[in-house]
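Letter by letter, the chains look like this.
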Amino acid sequence: MRLSGGGDPLFHREINDVLAHLAKRGIVVDNLTTNGVALNHEIAGYLVNNNAREVIFSLNAVDAADYARMMKVKPALFDKVITAIKTLVEVRGDSIYPSIVTQFLLDRSNLSRLVEMYDLGRSLGVDRVAVNAVLEIPRERIDRELLLRPKDAELAEPYIEEVLRKDADIGLLQIDFAVFSWNTMMTRVRERVGTQPTNMFPTAPSFRDRNDGCFFAWYTAAVTGNGDIRPCCLLLNPDVPPLGNIHEKPISEHWRGPAFQKMRSEMREVLLRGGKIEYNPKNFTILKRSA
């Protein structure tokens, strides 16, 4: 079970009961993504004692002022997140569960603080320091002027080289970008520094490039707080209709039901055509044209 997306799962009013229920059923928490504000000793104990695999803290910023800017919250919450990270590290002790990740987000406002972000993450004693770019969110909830541009890669290069050199002895850093020119720059800097990517997302031995594509219809589903079943964690947009609701009938019946079967049929058509397919609204009732 992955607990993330659509808001912070630890703010759910019955989160303690949810975690206790998962433990009773022997369901492993594969990932918890949280801003950390509500993570206390009790929840930390649950995650450690039940061998949760990974906790990602969306710290995002390097100080209270930038945290308030990015998260649209009071600056004081930044210190609460730092405390929560330290609490989980302390409660975990010598255990390997869960893996603890501190995530930072870069935009044009804080790009120059990349080295500070890495230093802070490393000082917290976590297992991975992840750095990603702020991405555009539907409904224009992000100021487009803040998004990283291809030409900003030149500005970022010296900062990235510095953190790669700092990280060479320990391999905590996971850094990647959804901007092609940035990844070209990353390759160049890694060759100059003499380091290889570390802590990248694992890939199954059976994966082949020719099979690239999203297989969410066969492996996963996302359930939102009101019980709606969404195709995947990236399709929580209200413009995408849910495939059902777990309060109507068990999720196993939805999983084998007509909505999921129709989605798989549409996905299969796209995958077999290798993306070379003309969109026809008569044939695709669940999948929509890419924006």
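Residues numbered from 1 in each chain as written. Predicted model: local features only at pLDDT ≥ 70, side-chain atom pairs only at ≥ 80, totals over all residues. Heavy atoms only, no water.

Engineer: Is there a simple way to think about the packing of aromatic side chains in this case?
Structural biologist: Enumeration over the complete set of coordinates arrives at two aromatic pairs. Ring plane angle 50 degrees and centroid distance 5.0 Å describe the contact between Trp 255 and Phe 260, whose orientation is recorded as tilted. For Trp 255, a relative accessible area of 27% translates into the label partly exposed. Here Arg 264 stacks its cationic end above the ring of Trp 255, 4.6 Å away from the centre of that ring. (Phe/Tyr/Trp six-rings, centres within 6.5 Å; stacked < 30°, edge-to-face > 60°. Buried < 20%, exposed > 50% of the residue type's maximum accessible area, 1.4 Å probe, protein only. Lys NZ or Arg CZ within 6 Å of the ring centre and 35° of its normal.)

Engineer: What am I meant to see in the nonpolar core here?
Structural biologist: Most often, soluble globular proteins keep nonpolar side chains buried together rather than apart. In this structure, Leu 39, Leu 47, Leu 59, Leu 88, Ile 160, Phe 177 and Trp 182 are the most contacted members of the largest nonpolar core, which totals 57 residues. Examining the composition of this core, we find that six residues originate from one element, helix α4 (residues 77-92), more than from any other. Not counting chain neighbours up to four residues away, the residues in contact with Leu 59 comprise Tyr 67, Phe 78, Val 81, Ile 82, Ile 85, Thr 102, Gln 103, Phe 104, Leu 120 and Leu 124. Judged by nonpolar contacts, the second largest core, of eleven residues, contains Ala 217, Leu 243, Met 267 and Leu 287. (Core = buried A, V, L, I, M, F, W, Y, C linked by side-chain atoms within 4.5 Å. Helix = DSSP H or I, 4+ residues; strand = E, 2+ residues; numbered from the N terminus. Contact = heavy atoms within 4.5 Å.)

Engineer: Explanation requested: the packing of helix α1 (residues 15-25) against helix α2 (residues 41-49) in the structure shown.
Structural biologist: Between two packed helices, both the angle of their axes relative to each other and the distance between the axes serve to describe the pair. Look at α1 against α2: their axes get within 11 Å of each other, and the N-to-C directions meet at 15 degrees. Here α1 is positioned roughly parallel relative to α2, judged by the angle of their axes. Read as a crossing pair, α1 and α2 show a hand that is left-handed. Between α1 and α2, the contacting residues are Asn 16, Leu 19, Leu 22 and Ala 23 on the first element and Glu 42, Ile 43 and Tyr 46 on the second. In terms of residue class, the contact of α1 with α2 is built from five nonpolar, one polar and one charged. (Axes fitted to C-alpha atoms, helices over the stretch in contact; angles between N-to-C directions. Parallel < 35°, antiparallel > 145°, perpendicular 65-115°, else oblique. Left-handed = near helix turned anticlockwise from the far one by under 90°. Nonpolar A, V, L, I, M, F, W, Y, C, P; charged D, E, K, R; others polar.)

Engineer: Is there a simple way to explain helix α3 (residues 64-71) in this structure?
Structural biologist: Since the α-helix advances by 3.6 residues per turn, residues separated by three or four positions end up pointing in the same direction. For α3, the set of buried residues is Asp 66, Tyr 67, Ala 68 and Met 70. Against the buried residues of α3 lie β3 (54-60), α4 and β4 (99-106). Lys 72 lies just past α3 and shows a positive phi near 60 degrees.

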